[in-house]
Amino acid sequence: VPLGQFRDTYIIAVDADGILIIDQHVAHERVLYEDISARLMGGTLPQQPLLTPLVLDLTAAQCEALESHRAILETLGVEFEEFGGHSVRLTAMPAMLGINDVAATVLALADDLEGLGRGGRIEDTLKHMAATMACHAAVKANMKLPLEKMQFLMDELRRTAYSSVCPHGRPVVLRLTRRAIENDHHSIAAAVEKNFQRI
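What counts, and where the lines are drawn
- Residues numbered from 1 in each chain as written.
- Predicted model: local features only at pLDDT ≥ 70, side-chain atom pairs only at ≥ 80, totals over all residues.
- Heavy atoms only, no water.
- Helix = DSSP H or I, 4+ residues; strand = E, 2+ residues; numbered from the N terminus.
- Buried < 20%, exposed > 50% of the residue type's maximum accessible area, 1.4 Å probe, protein only.
- Expected span 1.5 Å × (residues − 1).
- Arc of directions from axis to C-beta.
- Pairing = 2+ DSSP bridges.
- Axes fitted to C-alpha atoms, helices over the stretch in contact; angles between N-to-C directions.
- Contact = heavy atoms within 4.5 Å.
- Disulfide = S-S within 2.5 Å.
- Salt bridge = Lys/Arg side-chain N within 4 Å of Asp/Glu carboxyl O.

**Describing the environment of Leu-174**
Next up, step 1: Looking at the secondary structure, you find Leu-174 in strand 7 (residues 173-177).
Next up, step 2: The exposure class assigned to Leu-174 is buried, which follows from its relative accessible area of 6%.

Here you go:
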């Protein structure tokens, strides 16, 4: 049961075994990654045409990376056309993204593809891109959530495989058991510092 947020970043919840501290961004990222991966297994992601195309200025390497992986990007819901020089004009975006997240997501995908090069397996490339999209589409830190949204995230997380870490390996949940709380308050502080120092 969610009780509220700490610094609009961590969901504080309780269950029969103790207290849960859930990083809302990495929890949502894990849920979205599983959803994107499942959808890609069945075909393509839903896309949203842009009524006003969005022009992005890229480096030569980013532009080449997008062009050489056009088919994979279309599978993810990204459609674009050349727009002179090293610019592209986005004409469709993944429906799961907000309009304010599109530019940053496509730039991140371009950087990912540039780093992956042409020799990687398609499956690995799709997994990497799914993780990037999930990260950009997930709720952010310092974002106030209503209790209904917190409960939704917790319910979805319970149905998600490998829910203890996000696709990039960051911990999703810190559990403080009743026994730990009652027996050793020092271990609680140490556990919090150890598990969340990288977030």
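**Concerning helix 6 (residues 147-158)**
Next up, step 1: For helix 6, which comprises 12 residues, the first-to-last C-alpha distance of 17 Å matches the rise-based estimate of 16 Å (1.5 Å per residue) to within 8%.
Next up, step 2: Taken together, the buried positions of helix 6 are occupied by Met-150, Leu-153, Met-154 and Leu-157. End-on view of helix 6: buried residues confined to an arc of 95 degrees, all on one side of the axis.

**Side note on the sheet that holds strand 3 (residues 18-23)**
Next up, step 1: Strand order across the open sheet formed by four strands is 1-2-3-7, with antiparallel pairing between neighbours. Either end of the sheet is taken by a strand with one partner, and the two such strands are strand 1 (2-6) and strand 7. Strand-to-strand twist in this sheet, taken as the mean axis angle between neighbours without regard to direction, amounts to 20 degrees.
Next up, step 2: Of the pairings in the sheet, the one linking strand 1 to strand 2 (residues 10-15) comprises four bridges and is antiparallel in character. Residue pairing in the sheet places Phe-6 in a bridge with Tyr-10 of strand 2.
Next up, step 3: Relative to the sheet, helix 1 (residues 24-41) contacts strand 1, strand 2 and strand 3, its axis offset from that of strand 3 by approximately 75 degrees.
Next up, step 4: Running over the sheet, helix 6 touches strand 1, strand 2, strand 3 and strand 7 and is turned about 105 degrees from strand 1.

**Here we look at the state of the cysteines**
Next up, step 1: Here the structure, examined in full by the defined rule, presents zero disulfides.
Next up, step 2: With no disulfide of its own, Cys-135 has Cys-166 as its nearest cysteine by sulfur position, at a separation of 7.5 Å.
Next up, step 3: The class of Cys-135 is partly exposed, set by a relative accessible area of 22%.

**Description of helix 5 (residues 122-137)**
Next up, step 1: The end-to-end C-alpha distance of helix 5, which contains 16 residues, comes to 22 Å, matching closely the 22 Å that a straight helix rising 1.5 Å per residue would cover.
Next up, step 2: Those residues of helix 5 that fall on the buried side of the exposure criterion are Thr-125, Met-129, Ala-130, Ala-131, Thr-132, Met-133, Ala-134 and Ala-137.

**A look at the pattern of salt bridges**
Next up, step 1: Counting across every chain of the model gives 10 salt bridges.
Next up, step 2: The salt bridge involving Glu-29 is made with Arg-170; its shortest N-O contact spans 2.6 Å. Of this pair, Glu-29 sits in helix 1 while Arg-170 is found in the loop between helix 6 and strand 7, placing the two residues 141 residues apart along the sequence.
Next up, step 3: A residue is classified by how much of its surface remains accessible, and Glu-29, at 0% relative accessible area, is buried.
Next up, step 4: Given a relative accessible area of 24%, Arg-170 falls into the partly exposed group.
Next up, step 5: The salt bridge involving Asp-101 is made with Lys-140; its shortest N-O contact spans 3.9 Å. With Asp-101 in helix 4 (residues 99-116) and Lys-140 in the loop between helix 5 and helix 6, this residue pair connects regions lying 39 residues apart in the sequence.
Next up, step 6: Asp-101 sits in the partly exposed class, given a relative accessible area of 22%.

On their own, these measurements won't tell you what the molecule is for.
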